[in-house]
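Read off the chains here:
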Number of protein chains: 2
Amino acid sequence: MPDTAKSDAANAAAPLRLGIAGLGTVGTGLVQIIQTHGDLMTARAGRGVTISAVSARSRDKDRGIDLSAYDWEDDAVALAQRDDIDVFVELMGGSDGPAKDATEAAIAAGKDVVTANKALLALHGQALSVAAEEAGRLIRFEAAVAGGIPVIKALTEGLAGNEITRVMGVMNGTCNYILTRMENAGLTYQQAFDEADGLGYLEADPNLDVGGIDAGHKLALLAAIAFGTQVDFDAVELEGIGAITIEDITQAADMGYKIKLLGVAQMTGRGLEQRMSPCLVPDTSPLGQLQGGTNMVVLEGDAVGQIVLRGAGAGSGPTASAVMADIIDIARGLRLPTFGQPAKGLRAARAARAAVPAPYYLRLQLVDKPGALAKVAGALGEAGISIDRMRQYGHDDTSAPVLIVTHKTTRMALDEAIEGFGKTRVVHGTPVAIRIEAV
Amino acid sequence: MPDTAKSDAANAAAPLRLGIAGLGTVGTGLVQIIQTHGDLMTARAGRGVTISAVSARSRDKDRGIDLSAYDWEDDAVALAQRDDIDVFVELMGGSDGPAKDATEAAIAAGKDVVTANKALLALHGQALSVAAEEAGRLIRFEAAVAGGIPVIKALTEGLAGNEITRVMGVMNGTCNYILTRMENAGLTYQQAFDEADGLGYLEADPNLDVGGIDAGHKLALLAAIAFGTQVDFDAVELEGIGAITIEDITQAADMGYKIKLLGVAQMTGRGLEQRMSPCLVPDTSPLGQLQGGTNMVVLEGDAVGQIVLRGAGAGSGPTASAVMADIIDIARGLRLPTFGQPAKGLRAARAARAAVPAPYYLRLQLVDKPGALAKVAGALGEAGISIDRMRQYGHDDTSAPVLIVTHKTTRMALDEAIEGFGKTRVVHGTPVAIRIEAV
């Protein structure tokens, strides 16, 4: 981008002018940072950062901040096209509709874009970054993944000297809140869900949280950077936390594990595996010790080993902090491709589903009659699965719960074994199977 | 730096040429990254990264890598001045002597500098960064603090939107190894020290590790970035781990604490406080849970809250990863002042020693006679210190150990109380006093 670079250099002393679309908690937090820390930001960026205009659904809403110095636009697209902005800050959310329209309009109008919108980029990131590249503009999205944790920067820049081997993360605070409340307060899933709902933690469509979709969007973004591939949310294997019971949490704890909604992305011989699903992790690991709404991302590289990042994954201040970091990067003249490498050169990854073997936790209800356990063990053996630990722990009149921890196996073999259980006629209902991730 | 920026832009497609001084574990690790990941680095940086020449003490030593493609220089200064290098990579170590000479020579010759040298920058960082700025060149030092953890980047860039309120860190893996071995294996300090020595974990001058100097260097560098002040290692209050006993580790554990060599920097109303000293931290906190040689840095900002970063603080791969990240940043055209703001504008911080109050752990040996405890409590009261918890826990013929946890107090008041203990004539020897840091 030689022309761009030159004009950016020429403007180095002029303030960087923002148009902010969306004045919810994050937008409000951003305005507060700029209003209260103007001198500090100028000292760090080497130039001022100013707001030219803002846009939101309601102009009259009291947001507790003074917006009188900024022009108002009812239409985000109009805001994105204003001559007096250099950077369009998209904080509206939504994978399509106004957020997408305005982002496209901003790029077409020659603006850089800073966004907190994980859904937009997980679904349209490749096309948008190609468009930005062709226009010589940037899209930055630190705030889209794990809130205030500077994980996009850590992965794209801080670990740029590594071949990344695995990326993991607990990146939906609401799910981690629900799981830790079940664990610590003995609530059922529904009770913990209702509590989170009452606290306003859930998205308007709760399935975005508890179905793993929101966290899956984030994982897809991290995977694209980590492995130099086109972002591909559709290839993320998604499993939510709705089927997790206290029983499983208790039994897992008893064996030294916690259950987390864990995202894992790794490149395998068969392609890129991206999973967002409940997993057992050792309770002594940083991931296992993560409580409440906090997020954690684990980055693994061939040189650096394992890096763990922990912090607030949501909220006004933390998310605005990430947005502001992107803005200051632009003010400082840092110009990187959206996903760390030119978008046009990114290849589409072959999706490898359930490729990496792991031990599994299995809980099943066994008919109480002689030979039942042997039949289950036999079905596992036929699928090539060996047993690490097994125990039968409670009992009612007709059946008994059995816990099995397998040695490493694939999800495919496990599904085969579970199908085999059906034929034995000694297993009641559907067994619970949860992967045990080595973290 | 407009001229620099223009010539850098013109060279954007040309490879970035390195001269590497120092081929110990880090230098060797860096050469390996460049040799094995050339294509990946080029894809990420947008240009190649090549090595023109290297330098080290011994040319003949077998380092397990092929150096035949690179020119050899016996003299690091000559290497730094070569026409065919763009970046001088200083991996020799040492706060003065060849490392300083060569770094100054590199800047004078118009080279950017990447260094892993915490001592050099902690002592001469201000002068070197002014010199670099005047020459339009960069000094980057991600590898100097906490090895592979991208903490310089997280603080300088990732949290640039925050007023930083506190920086903490366990940044000397050897000390943390010794303390966790004492804790887990019941070794005495000397036994754990000898074990670490046998494993090659200690510096040639062990006091750099166990005296807190090495970690203090790192803290001073972080503080300069965090608070926009001139790096000032002399103002770091240093206390090593040599006086920590198993007794204290055991008693601390019993109360729910771990003892860590913890660095803390924060801006107070009375100036910048920088401490590197043993502290008690809650055993459930991320810092308390840190085992062995791993490092952890905690960054706190007004918007982002608390960010925790964890990873390998030393070793060939992790440190080389950090060096490579700096090199790729330069190759990508990122040009920031050494400490995040122009060095000429950095102010010298007023040093505030022991300004921030905290609870303290006190262990003292009390003469076994009536009224002794009352006299100790009286001395504390006279210094304005109130007691949170107290217990007398063992006993020999003439004296008994007593543990006291105070409410928040200053180190100055505590020293006054300890002086008061002397006058009571009921305290044997010198009391142990360890700060309890709220983390």
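Residues numbered from 1 in each chain as written. Chains lettered and ligands numbered in written order. Predicted model: local features only at pLDDT ≥ 70, side-chain atom pairs only at ≥ 80, totals over all residues. Heavy atoms only, no water.

On to the environment of V376 of chain B, then. Residue and element names in this part refer to chain B. Mapped onto the elements, V376 comes out in helix α14 (residues 372–382). For V376, a relative accessible area of 0% puts it in the buried group. Note: C-alpha distance between V376 and T424 (48 residues apart in sequence) is 7.3 Å. (Helix = DSSP H or I, 4+ residues; strand = E, 2+ residues; numbered from the N terminus. Buried < 20%, exposed > 50% of the residue type's maximum accessible area, 1.4 Å probe, protein only.)

What follows deals with the side chain of T103 of chain A. With respect to the element layout, T103 of chain A can be found in helix α5 (residues 98–108). Among residues more than four places away in sequence, those in contact with T103 of chain A are F88, E90, V113, L120 and L128 of chain A. (Contact = heavy atoms within 4.5 Å.)

For the rest of this paragraph, the subject is the domain arrangement of chain A. All names here are of chain A. When cut into domains, chain A gives domain 1 (2–148 + 321–343), domain 2 (151–311) and domain 3 (360–436). One C-alpha centre belongs to domain 1, the other to domain 2, and the line joining them spans 27 Å. Together, the buried faces of domain 1 and domain 2 total about 1,600 Å²; carbon and sulfur atoms form 70% of this surface. The interface formed by domain 1 and domain 2 holds two salt bridges in total. For the salt bridge of K153 with D329, the shortest nitrogen-to-oxygen distance reads 2.7 Å. The tally of links from domain 1 across to domain 2 stands at four residue pairs in polar contact (both at pLDDT 80 or more). The biggest single contributor to the side of domain 1 that touches domain 2 is helix α6 (residues 118–134), with seven residues. Grouping the amino acids of the side of domain 1 that touches domain 2 by side-chain chemistry returns eleven nonpolar, four polar and four charged. (Domains from an automatic or database assignment. Buried area = accessible area lost by both parts, 1.4 Å probe. Salt bridge = Lys/Arg side-chain N within 4 Å of Asp/Glu carboxyl O. Polar contact = N/O pair within 3.5 Å; in protein donor to acceptor, adjacent residues only side chain to side chain. Nonpolar A, V, L, I, M, F, W, Y, C, P; charged D, E, K, R; others polar.)

Looking now at the relation of the copies chain A and chain B. Note on the identical chains: chain A maps onto chain B by a rotation of 180° and an axial translation of 0.0 Å, with an RMSD of 0.0 Å. A rotation of that kind, with that shift, is consistent with a two-fold axis. Most of the interface of chain A is mirrored in chain B: 100% of its interface residues are interface residues there too. (Least-squares fit on C-alpha atoms with pLDDT ≥ 70 in both.)

A separate point is the UniProt feature "active site" (unreviewed entry) in chain A. Residues and elements named next belong to chain A. Under the feature "active site" (unreviewed entry), the UniProt entry names K218. Of note, K218 is situated in helix α11 (residues 213–227). Classification of K218 by relative accessible area gives buried; the value is 5%. Apart from residues no more than four positions distant in its own chain, K218 is found in contact with K118, A144, V145, A146 and M171. (UniProt positions renumbered as here; feature names shortened; annotations may be inferred.)

Below, the discussion takes up the confidence of the model for chain A. With 97% of its residues at a pLDDT of 70 or more, chain A shows a mean pLDDT of 94. Contacts for the low-pLDDT stretch residues 1–11 of chain A, under 50 throughout, to residues beyond four places or in other chains number eight contacts. (pLDDT = per-residue confidence, 0-100.)

The next point concerns the sheet that holds strand β6 (residues 139–140) of chain B. All names here are of chain B. Taken in spatial order, the six strands make up an open sheet running β3-β2-β1-β4-β5-β6, and their pairing is parallel. The two strands at the open ends of the sheet, each matched to only one other strand, are β3 (71–73) and β6. Each of β4 (87–90), β5 (112–115) and β6 is contacted by helix α5 (residues 98–108), which is oriented at about 170° to β4, the strand it contacts most. (Pairing = 2+ DSSP bridges. Axes fitted to C-alpha atoms, helices over the stretch in contact; angles between N-to-C directions.)

Our next topic: the UniProt feature "domain: ACT" (unreviewed entry) in chain A. Listed under "domain: ACT" (unreviewed entry) in the UniProt record, and renumbered for this structure, are residues 361–435 of chain A. With 33% helix and 40% strand, residues 361–435 of chain A has end C-alpha atoms that lie 6 Å from one another.

Let us look at the packing of aromatic side chains. Given two aromatic rings, one states the distance between the centres and the angle between the planes to describe the pair. Residue and element names in this part refer to chain B. Enumeration according to the criterion identifies six aromatic pairs over all chains in this entry. When the centroid spacing of 5.0 Å and the interplanar angle of 85° are considered together, the rings of Y177 and Y201 count as edge-to-face. With Y177 in helix α8 (residues 173–185) and Y201 in the loop between α9 (189–198) and α10 (207–210), this residue pair connects regions lying 24 residues apart in the sequence. On the basis of an interplanar angle of 40° and a centroid distance of 6.0 Å, the ring pair of Y189 and F193 is categorised as tilted. Within this pair, Y189 and its partner F193 are both found in helix α9, separated by four residues, close to a single helical turn. (Phe/Tyr/Trp six-rings, centres within 6.5 Å; stacked < 30°, edge-to-face > 60°.)

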